[in-house]
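Close look at the chain arrangement
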Amino acid sequence: MPDSGIFSPPRGQADTNLLQRGLRRGFLYLEAGLDKCFGAAWNPLYQLGALGFFYYWVVAVSGIYIYIFFDTGTAAAYESVEYMTEEQWYLAGVMRSLHRYASDAMVLMMLVHALREYALGHLKGPRWFTWVTGVPVLWLVVIAGISGYWLVWDQLAQYVAIATAEWLDWWAIFGDPIARNFISPAALDDRFFTLLLFVHIMVPLLLLLVLWIHLQRISHLQINPNRGLAAGTFVMLLVLSLMVPAVSHGPADLARVPVAVNLDWFYLWAYPLMDLTSEGAVWSLAGVLTIMLAVLPWLPPRVRRQPAEVSLSNCNGCGRCAADCPYSAILMRPRSDGLPFDTEAVVTPALCVSCGICAGACPTSTPFRRKSDLIPGIDLIDAPLRDLRARIELLSGELSEGPRVLLFGCEHGAALETFSGKGVAVVALPCIAALPPSFIDYVLSRGLAEGVLLTGCRKGDCYNRHGIDWTEARLAGTRDPYLRTRVPRECIEVLWAADSDRADLLESLEAFRRRLSVREKTKEPPRPKVESHV
Ligand code: HEM
Ligand code: SF4
Ligand code: SF4
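The rules behind these values
- The residue numbers shown here count from 1 along each chain, following its written sequence.
- Here the convention is simple: chains get letters from A, ligands get numbers from 1, in the order in which they are written.
- Local features in this predicted model are restricted to residues of pLDDT 70 or higher, and side-chain atom pairs are both shown and tallied only at a pLDDT of 80 or more, whereas totals for entire chains, interfaces and linings draw on every residue.
- Think of the side-chain values as coming from all heavy atoms in the structure, minus any hydrogens and water.
- Definition of nearness: a residue and a molecule or strand are near each other if at least one heavy atom of the residue lies within 4 Å of the molecule or strand.
- Amino acids are sorted into nonpolar (Ala, Val, Leu, Ile, Met, Phe, Trp, Tyr, Cys and Pro), charged (Asp, Glu, Lys and Arg) and polar (every other residue, Gly among them).
- To count toward a patch, a residue needs a relative accessible area over 30% and no salt bridge; like charges are then connected within 9 Å, while nonpolar side chains (Val, Leu, Ile, Met, Phe, Trp, Tyr) are connected within 5 Å.
- Throughout, the Shrake-Rupley method with a 1.4 Å probe supplies accessible areas, and for residues the shown protein chains are the sole cover considered.
- The working definition used for a salt bridge is a side-chain nitrogen of Lys or Arg within 4 Å of a carboxyl oxygen of Asp or Glu.
- In this text, helices come from DSSP runs of H or I with a minimum length of four residues, and strands from runs of E with a minimum of two, each type numbered from the N-terminal end.
- Because no water is among the atoms considered, metal sites can look incomplete, with donors defined as N, O and S atoms within 2.8 Å of the metal, or 3.2 Å for Na, K and Ca.
- By the criteria applied here, four donors are tetrahedral when all angles lie between 85 and 135 degrees, four are square planar and six octahedral when opposite donors are over 155 degrees apart and every other angle lies between 65 and 115, and any other arrangement is irregular.
- Three exposure classes are used, based on accessible area relative to the maximum for each residue type with a 1.4 Å probe and protein chains only: buried under 20%, partly exposed in between, and exposed over 50%.
- Here, a strand pair is defined by DSSP locating no fewer than two bridges between the strands.
- Orient the strands so they point away from the viewer; a crossover is then right-handed if the path from the first strand over the helix to the second runs clockwise.
- Angles shown run from 0 to 180 degrees and are taken between the N-to-C directions of axes, each axis being a line fitted to C-alpha atoms and, for helices, limited to the stretch in contact.
- An angle below 35 degrees is treated as roughly parallel, one above 145 as roughly antiparallel, one from 65 to 115 as roughly perpendicular, and anything else as oblique.
- The handedness criterion is simple: a crossing whose near helix is rotated anticlockwise from the far helix by less than a right angle is left-handed, and one whose near helix is rotated clockwise is right-handed.
- Working rule for contacts: check all heavy atoms of both residues, and any pair within 4.5 Å makes them a contact.

Looking at the site of ligand 3
- Around ligand 3, 13 residues are found, and the nearest of them are Cys315, Cys318, Gly319, Cys321 and Cys362.
- For the shell around ligand 3, the per-class residue count stands at 8 nonpolar, 4 polar and 1 charged.

So this is what it looks like as structure tokens:
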């Protein structure tokens with residue numbers, strides 16, 4: 001195969017800008033630190049979305065509980081919240097605090113989650129959908145929180161309510177300015193509280209619907225965080241609720257302007273900004289930020305590879321590609337070509353991120369085929385397996401120093417280009433799970449190298465969400481297609497590593513080559529053939 005650059009590092013991160021790369025670096029260091037403290041399974045940075053969901057449920061359950069005690073009305077609301085906080089501090093009071101702190105935790109998770117997805121470049125190409133549907137989530141979470149602060153009807157609620165009313169009145173689209181409701185206690189009736197309560201319940205329900213849409217284009221979702229992590233952070237929130245219970249300010253008094261209020265900076269940061277600037281300025285800032293966030297997926301640099309393509313005559317309808325695709329880009333449909341199989345794979349190009357995981361899963365992706373062309377049931381147009389086999393053979397022929405190692409890596413993991421040498425050849429893939437296990441068998445059984453080293457992103461950090469899980473399961477024989485048992489496991493090394501783990505990868509590679517060297521020396525020489533003189 002010509003050295004066209006396909007499968008040669010570097011290919012990754014081409015669609016990210018300088019800011020993203022800087023942020024990514026920061027996240028990688030932070031993740032490495034947390035990995036050391038908690039291990040990958042407990043690392044909160046790998047499950048921010050799932051933790052966001054967990055806090056949503058804590059907010060929902062604690063909210064339902066405190067709703068039982070809550071009374072609507074200008075005087076009744078404040079009194080009922082005070083009753084919970086003071087009289088029933090041990091249960092309703094704790095629930096109120098949990099409701100507040102879990103809401104704050106949700107904002108924190110959401111912001112860090114969005115920042116991390118941006119840093120890792122999970123927003124270009126078909127991934128735009130999940131990103132863009134995350135943008136209204138930001139608004140809905142903040143609206144739900146603000147409407148919650150109104151319900152307490154203390155001085156903070158008064159400050160927030162009047163400032164919000166003035167903010168909305170800036171548009172001058174409401175017949176009577178909303179702020180007029182707060183001129184005197186007489187203008188504010190109990191129905192207004194019923195409306196507020198309705199908003200405070202409906203917005204979180206709408207949020208749930210938008211979150212459901214947010215996750216429509218990804219499969220094998222991690223909706224629930226690690227149980228231990230969830231329990232641990234819940235206990236932290238509980239301890240915080242007991243030690244620093246959420247309390248109200250003094251009751252709202254429309255005859256007086258609140259002078260000093262303690263703000264919840266997770267939700268109410270826009271209000272001081274409004275005081276410092278103007279309602280119009282905060283609208284402009286919010287509008288510009290929202291539009292900027294929403295158009296980010298289409299800003300340069302953009303790299304679009306061609307989607308995967310099905311070769312129907314080579315597809316037996318087994319469905320493995322559809323089961324492994326992390327982006328729900330493959331559907332199994334009734335057979336259309338008359339071949340004796342029930343179904344066939346169909347790729348939806350608009351959903352395909354060209355990760356190649358489907359080609360790695362297809363049972364027809366076997367390099368041992370010689371008589372017919374290597375055309376699997378499904379393949380990447382830009383990086384077909386036929387070229388991968390040719391590249392492996394080419395690189396193997398160039399290796400001049402034993403023990404020879406073929407290093408297969410994901411372009412989003414450690415910078416691979418620096419590992420090539422006389423005894424090591426590097427093959428970069430769009431995802432490590434794009435490598436069918438039969439290729440490892442092929443390399444070792446055909447003597448193309450003495451060892452195979454697999455690397456990808458750091459564990460818990462897979463750019464294509466499930467590449468590492470699927471690869472490990474295929475090697476362990478728990479997910480099709482399995483690596484055949486005849487393949488000597490001591491000739492395979494696996495190390496999941498990010499850019500910042502380059503030293504670990506180098507060390508692992510050298511140790512692996514030393515082991516291979518010993519193995520080569522102690523290997524039994526081939527037995528001489530016994531000649532028959534009969
Ligand atoms: C409370 C709010 C949010 C929750 C609970 C949430 C939840 C989730 C979950 C569970 C995932 C899937 C993780 C996985 O299994 O791989 C996810 C993915 C994602 N979310 Fe969110 N999310 C929230 C807000 C946001 C926001 C505000 C944005 C950005 C504006 C965003 C952008 C993304 C992106 C880009 C992905 C990854 C898509 C991919 O890998 O292709 N999310 N989110
Ligand atoms: S390359 Fe295959 S596995 Fe990856 S998104 Fe496209 S169809 Fe799904
Ligand atoms: S894995 Fe291959 S053979 Fe199986 S359905 Fe997908 S394309 Fe067809």
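Observations regarding a nonpolar patch on the surface
- There is a patch of nonpolar side chains on the surface, built from Trp89, Tyr90, Leu91, Val235, Val239, Leu240, Leu242, Met243 and Val244 and spanning about 900 Å² of accessible area.
- If one sorts the elements of the nonpolar patch by residue count, helix H8 (residues 227-243) sits on top with 5 residues.
- Mapped onto the secondary structure, Leu91 falls in helix H4 (residues 89-119).

As for the coordination of the iron atom of ligand 1
- For the iron atom of ligand 1, the full set of protein donor atoms is His113 (NE2) and His214 (NE2), and the range of their distances to it is 2.0 to 2.1 Å.
- Each of the 6 donor atoms around the iron atom of ligand 1 contributes to a set of angles spanning 84 to 179°, which defines the coordination as octahedral. Residue His113 is located in helix H4, and its partner His214 is located in helix H7 (residues 190-214); the two are separated by 101 residues in the primary sequence.
- Given a relative accessible area of 21%, His113 falls into the partly exposed group.
- A relative accessible area of 11% places His214 in the buried class.

A few points about the pairing of strand E8 (residues 492-496)
- Bridge count between strand E7 (residues 451-456) and E8: 5 bridges; the pairing is parallel. What sits directly across from Leu454, in E8, is Val494.
- What joins E7 to E8 is helix H15 (residues 467-476), and the crossover it makes is right-handed.

Let's talk about unusual backbone geometry
- Going from Pro300 to Pro301, the amide bond is cis rather than trans, its omega being 0°.
- Not every positive phi belongs to a glycine, and Trp153 is a case in point at roughly 50°.
- Here Trp153 is to be found in the loop between helix H5 (128-151) and helix H6 (155-169).
- Judged by relative accessible area, which is 5%, Trp153 ranks as buried.
- A positive phi angle, close to 50°, is found at Ser328, a residue other than glycine.

Side note on the packing of helix H2 (residues 48-69) against H8
- It is at 11 Å that the axes of H2 and H8 come closest, and there the two elements cross at 50°. Classed by the angle they form, the pair H2 and H8 counts as oblique. Crossing angle aside, the handedness with which H2 passes H8 is right-handed. Contacts from Leu51, Phe54, Tyr55 and Val58 in H2 reach Leu229, Ala230, Thr233, Phe234 and Leu237 in H8.
- A per-class count over the contact of H2 with H8 returns 8 nonpolar, 1 polar and no charged.

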